[in-house]
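Results of the structural survey
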Amino acid sequence: MPELPEVETTRRGIAPHVVGQQVAAMHVYDRRLRWPVPRSLQKKIVGRTVDALDRRSKYLLFRLGEDTLLVHFGMTGSLRVYSRAPPREAHDHADIVLASGTTLRYHDPRRFGAILWVPSPAAAHPLLAALGREPFDASCDARYLWAATRRRSAAIKLALMDSHLIVGIGNIYANESLFRAGIRPTIPAGRISQRRFERLLAAVRATLTDAIAKGGSTLRDYVDARGEPGYFQVDYFVYGREGLPCRVCRTAIKSIRLGGRATCYCPRCQR
Ligand SMILES: [Zn+2]
């Protein structure tokens, strides 16, 4: 499933090809995504210019004047840029053709993604309004996380994955960040000190930055590439390493279920 680093890498990969470009045409071949692609979309988007391509949480936001085209990848979605679009293949559901001749193609085998029109003000849209803070924003600091979790008895890992609090931290990156911060995933969020939140936030940022940097080497895969997109292969510290020796202390990595998700940690390094 695409997480924040994949979405950010996609944004960086396609932005140079779309920003400043006028939309010449849009073709929707299958509207049945997570929510139906609106029938009025084509009329609204054609003739508009993409002023910027932003990301909020795992949403890509194409800024078209005051309005926004929102794209979400769901479980298996991806966007590719083609200077000359090849014939459509299975699961290619929509094309945005730019005046330059470039085609932006949305591909999504499981169709849990979304392509939606978001009128101004975008921040008030139901999908965006309730989102917590961006992990790289200055406003998302240790004091904010500490203050927002004082009455929470839920495990810190669940708080970290709560998008009302902080966005873009999926299961893999929550596991990895907690390892880097030396925090056991099961500790109640309300018992984490502000000092430990400082370490945790630094770990979150380092983990996401590493993944985005890894993704940077795959940027060319977004342009004129064929086949399924490869999601990043990162060398994880704990995720998917149950029973294997900790990379730091050699203790066997433990795996439990927390909120229904695989939760891996080192019983010695994480307390
Ligand atoms: Zn260890």
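Summarised in this report is the structure supplied together with it. Values in this document were obtained by computation on a predicted structure and should not be read as measured data.

Observations regarding the overall build of the protein chain
Scanning the protein chain from N- to C-terminus turns up 7 helices and 10 strands. Taken over the C-alpha trace, the protein chain has a radius of gyration of 20 Å; the compact-globule value for 271 residues is 18 Å, and the two agree within 12%. Taken over the C-alpha atoms alone, the protein chain extends approximately 55 × 35 × 30 Å along its principal axes. Only carbon and sulfur atoms are counted for the fraction: they give 51% of the accessible area of the protein chain, which is about 12600 Å². Within the protein chain, one finds 43 positive and 24 negative side-chain charges whose respective centroids are separated by 7 Å.

Side note on helix α6 (residues 171–181)
For α6, the tally of buried residues reaches 10 of 11 residues, placing the bulk of the element in the interior. Residues Asn171, Ile172, Tyr173, Ala174, Asn175, Glu176, Ser177, Leu178, Phe179 and Ala181 constitute the buried set of α6.

Notes on the coordination of the zinc ion
For a metal bound by four donors in a tetrahedral arrangement, the ideal donor-metal-donor angle is 109.5 degrees, while six donors in an octahedral arrangement ideally sit at 90 or 180 degrees. Protein ligation of the zinc ion involves Cys246 (SG), Cys249 (SG), Cys266 (SG) and Cys269 (SG), the donor distances falling in the range 2.2 to 2.4 Å. Around the zinc ion sit 4 donor atoms; with metal-centred angles ranging over 100 to 113 degrees, the donor geometry is tetrahedral. One chain supplies every donor for the zinc ion, spaced along it as C-x2-C-x16-C-x2-C. Note on Cys246: relative accessible area 0%, which makes it buried.

Brief notes about the side chain of Thr207
Along the chain, Thr207 turns up in helix α7 (residues 194–216). Under the relative-accessibility criterion, Thr207 is labelled buried at 4%. Within the structure, Thr207 has its side chain in polar contact with the backbone oxygen of Ala203 (distance 2.7 Å). Non-local contacts of Thr207, meaning those with residues more than four positions away in its chain, are made with Tyr173, Glu176, Ser177 and Arg180.

Concerning the sheet that holds strand β6 (residues 92–98)
Spatially, β1-β6-β7-β5 is the arrangement adopted by the 4 strands of the open sheet, whose pairing is antiparallel. Each having just a single partner strand, β1 (23–28) and β5 (78–82) make up the two edges of the open sheet. Geometrically, the sheet is characterised by an average inter-axis angle of 15 degrees between neighbouring strands, direction not taken into account. Here β5 pairs with strand β7 (residues 103–107) via 5 bridges, running antiparallel. Looking at β7, one finds that Leu79 is bridged to Tyr106.

Examining the sheet that holds strand β4 (residues 67–72)
As a general point, the strands of a sheet are linked pairwise by backbone hydrogen bonds and lie either parallel or antiparallel. Pairing is antiparallel in the open sheet, where 4 strands are placed in the order β2-β3-β4-β8. Since the sheet does not close on itself, it has two edges, and those belong to β2 (52–56) and β8 (114–118), each with one partner. Sheet twist, expressed as the average angle between the axes of neighbouring strands with direction ignored, equals 25 degrees. Bridge count for strand β3 (residues 59–64) against β4 is 6 bridges, and the pairing is antiparallel. When the bridges of β4 are listed, Leu61 appears paired with Leu70. Against the sheet, helix α1 (residues 4–18) makes contact with β2 and β3, and its axis sits at roughly 175 degrees relative to β2, the strand it touches most.

Concerning the layout of surface pockets
Approximately 660 Å³ is the volume found for the largest pocket. A breakdown of the residues in the lining of the largest pocket according to their chemical character gives 17 nonpolar, 8 polar and 6 charged.

Some remarks on unusual backbone geometry
Between Ser120 and Pro121 the backbone carries a cis peptide bond, its omega angle lying at 0 degrees. Positive phi values are uncommon outside glycine, yet Ser57 reaches one of about 55 degrees. Here Ser57 is to be found in the loop between β2 and β3. Overall, the relative accessible area of 7% leaves Ser57 in the buried class. Of note, the phi angle at Arg111 is positive, near 60 degrees, even though the residue is not glycine. Within the secondary structure, Arg111 is located in the loop between β7 and β8. Classification of Arg111 by relative accessible area gives partly exposed; the value is 27%.

Reading the values: the criteria
Residues numbered from 1 in each chain as written. Predicted model: local features only at pLDDT ≥ 70, side-chain atom pairs only at ≥ 80, totals over all residues. Heavy atoms only, no water. Helix = DSSP H or I, 4+ residues; strand = E, 2+ residues; numbered from the N terminus. Rg over C-alpha atoms; globule rule 2.2 N^0.38 Å. Areas by Shrake-Rupley, 256 points an atom, 1.4 Å probe, with all protein chains shown as cover. Lys, Arg positive; Asp, Glu negative; His and termini not counted. Charge placed at Lys NZ, Arg CZ, Asp CG, Glu CD. Buried < 20%, exposed > 50% of the residue type's maximum accessible area, 1.4 Å probe, protein only. Donors = N, O, S within 2.8 Å, 3.2 Å for Na, K, Ca; no water. Tetrahedral: all angles 85-135°; square planar, octahedral: opposite > 155°, others 65-115°. Polar contact = N/O pair within 3.5 Å; in protein donor to acceptor, adjacent residues only side chain to side chain. Contact = heavy atoms within 4.5 Å. Pairing = 2+ DSSP bridges. Axes fitted to C-alpha atoms, helices over the stretch in contact; angles between N-to-C directions. 1 Å grid on protein atoms, 1.4 Å probe; cavity = no way out; pocket = protein on both sides within 12 Å on 5 of 7 lines; lining within 4 Å. Points joined across faces, edges and corners; volume = space filled by probe spheres on them. Nonpolar A, V, L, I, M, F, W, Y, C, P; charged D, E, K, R; others polar.

None of this, on its own, says anything about what the molecule does.
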